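Residues per chain are reported as follows:
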Amino acid sequence: MKLLFLNGPNLNMLGIREPDIYGRQTYAALENFIRDFCGQMGIDCEIYQSNHEGALVDAIQAAYGKMDGIVINPAAYTHTSVAILDALKAVSLPAVEVHLSDVSKREDFRQVSYAGMACVKTYAGYGFDGYRLAAEYLLEHAEH
Ligand code: DQA
């Protein structure tokens, strides 16, 4: 199984940005974590981060016909981007939404998720582990 792991704006600042919310581990540590569990689960993974909405749309489109599923943390674009929602719908790949923090317990403006409307599942508030849970879900989903 081939999975694309997509991360949106400011996630490259992990370890520096708001550590009380996002933890002290860096983005490089997140990439290592993803590669490790993918290796253990036999998943072929591609990991991509961008601060730019259009680049994330391009990455989703490029997954069409190439990947079996998408794990996406659109970060702030979660709450604003119809373009990312439309891209996920366009490629129609099973997608799981991940947030490091529990967005349901945060500000009102974080209570809308456009990307989530095209996702089969959401994991929020599990830190790095949310990415593993998302991959497990997609693996299971593909097998049944
Ligand atoms: C986030 C939550 C978003 O609301 C925020 O804009 C982020 C990170 C998370 O992983 O908890 O940048 O997606």
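Structure shown above.
Below you will find a few notes about this structure.

**Notes on unusual backbone geometry**
Here is step 1: Even without being glycine, Glu-18 reaches a positive phi, approximately 30°.
Here is step 2: Of note, Glu-18 is situated in the loop between β1 (2-7) and α1 (19-22).
Here is step 3: Exposure remark for Glu-18: the relative accessible area of 44% places this residue in the partly exposed category.
Here is step 4: In the Ramachandran plot, Ser-92 falls in the positive-phi region, its phi being about 55° despite a non-glycine side chain.
Here is step 5: With respect to the helices and strands, the residue Ser-92 is situated in the loop between α4 (82-91) and β4 (95-99).
Here is step 6: Its relative accessible area of 60% is what places Ser-92 among the exposed residues.

**A closer look at the site of the ligand**
Here is step 1: Around the ligand, a shell composed of Arg-17, Tyr-22, Asn-73, Ala-75, Ala-76, His-79, His-99, Leu-100, Ser-101, Val-103 and Arg-110 is seen.
Here is step 2: Between Ala-76 and the ligand, the recorded distance is 3.2 Å, taken from a backbone N or O atom to an oxygen atom.
Here is step 3: Taking Ser-101, its side chain carries an N or O atom lying 2.6 Å from an oxygen atom of the ligand.
Here is step 4: Computed on the free molecule, the ligand has an accessible area of 320 Å², of which 98% lies beneath the protein chains in the complex.
Here is step 5: When the residues that make up the shell around the ligand are grouped by side-chain class, the tally is 5 nonpolar, 4 polar and 2 charged.

**Here's the deal with the layout of surface pockets**
Here is step 1: Looking at the largest pocket, its volume works out to about 150 Å³.
Here is step 2: Looking at the largest pocket, it is lined by 15 residues, and the ones nearest its centre are Arg-17, Tyr-22, Ala-75, Ala-76 and Arg-110.
Here is step 3: Here the lining of the largest pocket is built from residues that sort into 7 nonpolar, 5 polar and 3 charged.

**So, the nonpolar core**
Here is step 1: The biggest cluster of nonpolar side chains holds 26 residues, and the ones touching the most others in it are Phe-5, Leu-14, Ile-34, Val-71 and Tyr-131.
Here is step 2: With 6 residues, helix α5 (residues 129-143) is the single largest residue contributor to this core.
Here is step 3: Those residues in contact with Ile-34, other than ones at most four positions away along the chain, are Phe-5, Cys-45, Ile-47 and Tyr-131.
Here is step 4: Core analysis: the second largest hydrophobic core is formed by 21 residues, Val-57, Ala-63, Ala-87 and Ala-95 among them.

**Structural notes on the packing of aromatic side chains**
Note on aromatic pairs: each is described by the distance of the centres and the angle between the planes.
Here is step 1: Going through the model one piece at a time under the given rule, you end up with 4 aromatic pairs.
Here is step 2: On the numbers, 6.0 Å between centres and 70° between planes, the contact of Phe-5 with Phe-37 is edge-to-face. Taken as a pair, Phe-5 in strand β1 and Phe-37 in helix α2 (residues 27-41) lie far apart in primary sequence, 32 residues in all.
Here is step 3: Judged by its relative accessible area of 0%, Phe-5 falls in the buried class.
Here is step 4: You can call Phe-37 buried: its relative accessible area is 4%.
Here is step 5: Ring geometry for Phe-33 against Phe-128: centres 5.8 Å apart, planes inclined by 45°, an arrangement best described as tilted. Of this pair, Phe-33 sits in helix α2 while Phe-128 sits in the loop between β5 (121-124) and α5, and the two are 95 residues apart along the sequence.
Here is step 6: Of the residues examined, Phe-33 reaches a relative accessible area of 26% and is grouped as partly exposed.
Here is step 7: Accessibility expressed as a relative area gives 10% for Phe-128, which makes it buried.
Here is step 8: Site record: aromatic cluster; members linked through ring pairs are Phe-5, Phe-33, Phe-37 and Phe-128.

Here is what the cut-offs are and how they apply
Residues numbered from 1 in each chain as written. Predicted model: local features only at pLDDT ≥ 70, side-chain atom pairs only at ≥ 80, totals over all residues. Heavy atoms only, no water. Helix = DSSP H or I, 4+ residues; strand = E, 2+ residues; numbered from the N terminus. Buried < 20%, exposed > 50% of the residue type's maximum accessible area, 1.4 Å probe, protein only. Near = heavy atom within 4 Å. Polar contact = N/O pair within 3.5 Å; in protein donor to acceptor, adjacent residues only side chain to side chain. Areas by Shrake-Rupley, 256 points an atom, 1.4 Å probe, with all protein chains shown as cover. Nonpolar A, V, L, I, M, F, W, Y, C, P; charged D, E, K, R; others polar. 1 Å grid on protein atoms, 1.4 Å probe; cavity = no way out; pocket = protein on both sides within 12 Å on 5 of 7 lines; lining within 4 Å. Points joined across faces, edges and corners; volume = space filled by probe spheres on them. Core = buried A, V, L, I, M, F, W, Y, C linked by side-chain atoms within 4.5 Å. Contact = heavy atoms within 4.5 Å. Phe/Tyr/Trp six-rings, centres within 6.5 Å; stacked < 30°, edge-to-face > 60°.

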